[in-house]
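Overview (structure and organization)
Each chain, written out:
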Amino acid sequence: MAPKDFIVAIELGSSKMTGIAGKKNLDGSISVLAVVTEDSSTFIRKGVIYNIDKTAQCISSIVKRLTATLKTSISQVYVGVGGQSIRSIKNVIVKNLAADTIVTQEMVNELMDANRNMSYQDQEILDAATQEYKVDNQYQLDPVGIQCARLEGNFLNILWRKMFYRNLNKCFDLAGVPIAEMYLAPLALADSVLTDAEKRSGCALVDLGADTTTVSVYYKNILRHLAVIPLGSNNITKDIASLQMEESTAEEMKLKYGSAWTDNGEIDNNMSLSIDADRSVKSREFISIVEGRIEEIIENVWYQVPSEYADRLLGGIILTGGGSNMKNIETAFRNHTHIDKIRIAKFVTQSISAKDPMIAAHNGTMNTILGLLAKGDMNCAGAEVDANGDLFKETKAAPVNQDREPRKPNELGPGVIQTEAEKQKAEEEKRRQEEAEEAARRAEEEAAEAARKAEEEAKKKENRKKTVGKLKNFFKNLIAEPEEE
C-alpha cells in the first residue's frame with residue numbers, strides 16, 4: 001500500500017545529489033522509505049550550482065525516482081543550503097532609550113528587524129543568530145523586563161551570494177518541485193550530530209566533504225561562527241592524480257592506502273605502492289602528498305575558530321562527513337590543533353531505521369540529509385499515482401501548505417531560510433503595509449492641515465469681527481460727541 005504521510009528532503013552536494021523520503025513514527029524515530037542519489041559533479045562545484053538546467057533536470061529525476069518507489073506523488077520537499085561563499089559576520093545594533101526604560105519584546109524585535117534589514121553588497125542574509133544583548137554594561141540573553149538607558153543587540157549574520165540563492169530557487173521552479181522549507185544544511189547537521197553538552201560547553205563541528213569543509217563553532221548553545229572552506233577530500237585525490245594517473249585510480253589509492261597521519265618510524269623507505277602494472281610510487285612520497293593536503297585543510301579549519309573561543313572548546317572537535325573516514329584523522333587533528341578531545345560522528349543522534357546500505361554503512365556521508373529529514377514536520381505526500389498509468393503525471397501536485405501566510409524572518413526557526421516565493425510575498429505584504437501607513441500619514445497630515453486652516457480662518461473671522469466692532473464703536477463715539485456739546 002502506498003504511503004500517504006511522509007517527508008522528503010533533497011541535499012545538493014558537490015559529488016552527488018541525494019533525495020530521501022521518510023516517515024516519523026509516534027516514538028520519535030524515523031523510518032526511511034526511499035533513498036536515491038545522482039552524480040552532480042558536472043553542474044555543482046563546491047556546493048554551488050553552476051548549470052541551472054542540468055541541476056533542474058537532476059532534481060526532477062530525483063523526485064521521479066522517489067515517486068516511482070513510493071507509488072505516491074511528492075507535493076513539496078525540504079532543501080538544504082550550503083556550499084562555498086557561505087560565511088558569517090558579526091553585527092551590532094544599538095538603541096538609546098530614556099533613563100530607566102523597561103525593555104519590551106517590541107524593542108527587541110525592532111533590533112532584530114534593523115539587523116535583518118542590513119544590506120551587504122551582492123550578499124543575501126540567510127539567517128541571523130542572536131549572540132546576546134548588552135543592557136547598559138551587562139550582557140543578557142533575554143533583556144525583556146530589565147531597566148536600562150541603552151540596549152545593544154549582538155548578532156551573527158549568515159550570508160550567501162545573492163546569485164547562488166536565486167539560482168537555487170530557480171532550479172526548483174524549473175523542475176516544478178515546490179519547496180516546503182529551506183534549511184541551512186550546516187545547522188541541520190549540527191542539530192543531528194552534536195549533543196546538548198557539546199553545544200553548551202563549546203565545540204567545533206567540522207564537516208569534511210568532497211569539495212568543501214564546513215566549520216561551525218558553538219558555545220553556550222549559540223552558533224558563534226560559520227565558514228565554508230573550499231577544500232575537501234577531492235583535493236587529496238587530485239594531488240595523488242598529479243603522479244600521472246586517472247582520478248579514479250587516485251581515488252582508489254586514497255581509499256586503500258591513505259592515512260591522515262603516519263609515524264615517521266613506521267614509514268618503510270623501500271616500500272612502493274602499485275599504480276598500475278608498470279608503475280609504482282614510493283610509500284614516503286605518497287604519504288607526504290596525502291599528509292600535506294590534510295595539514296593544509298586542518299590549518300584552515302583551525303584558522304576559522306575565533307580566538308576568543310579557541311581555548312573554550314571543552315566539548316572538543318567533532319568530525320563528520322566522508323573525509324572523517326580517513327585513517328588516523330583524529331590523530332592528525334589532535335597534533336595540529338592541540339585539542340585532545342576529538343570525536344567522529346559516524347551517524348546522527350536520532351533513531352533511524354533503514355534497509356538502504358548507504359544509510360546502514362554509518363560512515364558520516366548521510367548525516368546531513370538525515371538531519372534535513374529530521375527537521376521536516378509537514379507532509380510531503382501528494383496523490384497516489386496510477387501504477388498502470390504514467391507514474392510521474394502527479395509529480396507537480398500543489399504543496400499542502402502553499403496558502404500559508406508569508407512569515408517574517410523573525411518568525412522563522414533557527415536555520416530556516418525564506419524561499420524566494422516567501423520573500424516575494426513578505427516584500428509585497430511589507431510594501432502594501434508601507435503604502436497603507438503612508439496613506440494614513442498623508443490623511444493625518446491633510447486632516448491636520450485642514451484643521452490648521454480652519455483654525456486660521458476662525459481666527460481671521462474673529463479678528464474681522466473684532467475690527468468691525470471697534471470701527472462701529474469708533475464711529476458711534478465720533479457721532480455721539482457733537483451732540484453732547
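Residues numbered from 1 in each chain as written. Predicted model: local features only at pLDDT ≥ 70, side-chain atom pairs only at ≥ 80, totals over all residues. Heavy atoms only, no water.

1. Re the overall build of the protein chain
When its secondary structure is counted, the protein chain shows 13 helices and 22 strands. For the protein chain, whose C-alpha radius of gyration is 32 Å, the value lies well above the compact-globule estimate of 23 Å for 485 residues. Seen along its three principal axes, the alpha-carbon backbone of the protein chain occupies a region of about 145 × 65 × 45 Å. Taking all 485 residues of the protein chain together, the buried fraction comes to 46%. Intrachain contacts of the protein chain at a sequence separation of at least 6 include 69% that bridge at least 24 residues. Summed over its atoms, the accessible surface of the protein chain is roughly 25100 Å², and 48% of this surface lies on carbon and sulfur atoms. Computed over 62 positive and 73 negative side-chain charges, the inter-centroid distance for the protein chain is 2 Å. (Helix = DSSP H or I, 4+ residues; strand = E, 2+ residues; numbered from the N terminus. Rg over C-alpha atoms; globule rule 2.2 N^0.38 Å. Buried < 20%, exposed > 50% of the residue type's maximum accessible area, 1.4 Å probe, protein only. Contact = heavy atoms within 4.5 Å. Areas by Shrake-Rupley, 256 points an atom, 1.4 Å probe, with all protein chains shown as cover. Lys, Arg positive; Asp, Glu negative; His and termini not counted. Charge placed at Lys NZ, Arg CZ, Asp CG, Glu CD.)

2. Quick notes on the pattern of salt bridges
For the structure shown, the criterion picks out 24 salt bridges. Between Glu132 and Arg224 there is a salt bridge, with the nearest N and O atoms lying 3.4 Å from each other. With Glu132 in strand S9 (residues 123–135) and Arg224 in strand S15 (residues 222–229), the pair connects residues that are 92 residues apart, well separated along the chain. Of the charged contacts, one joins Glu438 and Arg442 as a salt bridge, the two residues approaching to 3.5 Å between their closest N and O atoms. Taken together, the residues Glu438 and Arg442, both in helix H13 (residues 420–484) and four residues apart, mark about one turn of the helix. Accessibility expressed as a relative area gives 42% for Arg442, which makes it partly exposed. (Salt bridge = Lys/Arg side-chain N within 4 Å of Asp/Glu carboxyl O.)

3. Topic: the environment of Arg65
One can find Arg65 in helix H1 (residues 52–70). Residue classification places Arg65 among the partly exposed residues on the basis of a relative accessible area of 37%. Taking C-alpha positions, Arg65 is 37 Å from Val217, a pair spaced 152 residues apart along the chain. The contact partners of Arg65, leaving out residues within four places of it in the chain, are Val36, Thr37 and Glu38.

4. A closer look at the environment of Ile339
Within the fold, Ile339 resides in the loop between helix H10 (329–337) and strand S19 (342–344). Along the chain, Ile339 and Gly316 lie 23 residues apart, while their C-alpha atoms are 6.6 Å from each other. If we ignore the near neighbours within four places in the chain, the residues touching Ile339 are Trp302, Ala310, Gly316, Ile317 and Arg334.

5. Observations concerning a nonpolar patch on the surface
There is a patch of nonpolar side chains on the surface, built from Leu471, Phe474, Phe475, Leu478 and Ile479 and spanning about 520 Å² of accessible area. Mapping Phe474 onto the fold places it in helix H13. Accessibility expressed as a relative area gives 48% for Phe474, which makes it partly exposed. (Patch = residues over 30% accessible without salt bridge, like charges linked within 9 Å, V, L, I, M, F, W, Y side chains within 5 Å.)

6. Some thoughts on the sheet that holds strand S7 (residues 77–81)
With respect to topology, seven strands assemble into an open sheet ordered S20-S3-S2-S1-S7-S12-S22, the strand pairing being mixed. In the strand order of this sheet, the two ends are held by strand S20 (352–353) and strand S22 (416–417), each with one partner. Looking at chain direction, strand S1 (residues 7–12) and S7 are connected through three bridges and run parallel. Looking at the pairing, Ile10 lines up with Val79 of S7. Relative to the sheet, helix H3 (residues 162–175) contacts S1, S7, strand S12 (179–184) and S22, its axis offset from that of S12 by approximately 150 degrees. (Pairing = 2+ DSSP bridges. Axes fitted to C-alpha atoms, helices over the stretch in contact; angles between N-to-C directions.)

7. Observations regarding helix H6 (residues 233–241)
Counting buried residues in H6 gives seven out of nine residues, a clear majority hidden from the surface. Of the residues making up H6, those classed as buried are Ser233, Asn235, Ile236, Thr237, Asp239, Ile240 and Ala241. Looking at the buried residues of H6, the elements they touch are helix H7 (247–257) and helix H8 (283–303).

8. A short note on the packing of helix H4 (residues 185–193) against helix H12 (residues 367–375)
At a minimum axis distance of 8 Å, the contact between H4 and H12 shows a crossing angle of 85 degrees. It follows that H4 is roughly perpendicular to H12 by the angle criterion. Note on element contacts: H12 touches H4 through Asn367, Thr368, Gly371, Leu372, Ala374 and Lys375, opposite Ala185, Ala188, Leu189, Asp191, Ser192 and Val193. Partitioned by chemical class, the residues of the contact of H4 with H12 number six nonpolar, four polar and two charged. (Parallel < 35°, antiparallel > 145°, perpendicular 65-115°, else oblique. Nonpolar A, V, L, I, M, F, W, Y, C, P; charged D, E, K, R; others polar.)

9. What to know about H3
For H3, built from 14 residues, the straight-helix expectation of 20 Å at 1.5 Å per residue is met to within 8% by its first-to-last C-alpha distance of 20 Å. Those residues of H3 lying buried are Phe164, Tyr165, Asn167, Leu168, Asn169, Cys171, Phe172 and Ala175. Remark: Gly176 follows H3 within two positions and exhibits a positive phi of approximately 70 degrees. (Expected span 1.5 Å × (residues − 1).)

10. Overview of the pairing of strand S2 (residues 16–24)
Pairing of S1 with S2 involves six bridges; the strand directions are antiparallel. The partner of Ala9 across the bridge, within S2, is Ile20. Once S1 ends, the chain turns through three residues before running back antiparallel as S2. Pairing of S2 with strand S3 (residues 30–39), which is carried by nine bridges, proceeds in the antiparallel orientation. Residue pairing across strands places Met17 opposite Glu38, the latter belonging to S3. The antiparallel hairpin formed by S2 and S3 contains five residues in its connecting segment, where Gly28 sits at a positive phi of about 95 degrees.

11. Considerations on the side chain of Ser233
Within the secondary structure, Ser233 is located in helix H6. Taking the relative accessible area as the measure of exposure, Ser233 reaches 19% and is therefore buried. The contact partners of Ser233, leaving out residues within four places of it in the chain, are Gly209, Ala210 and Lys254.

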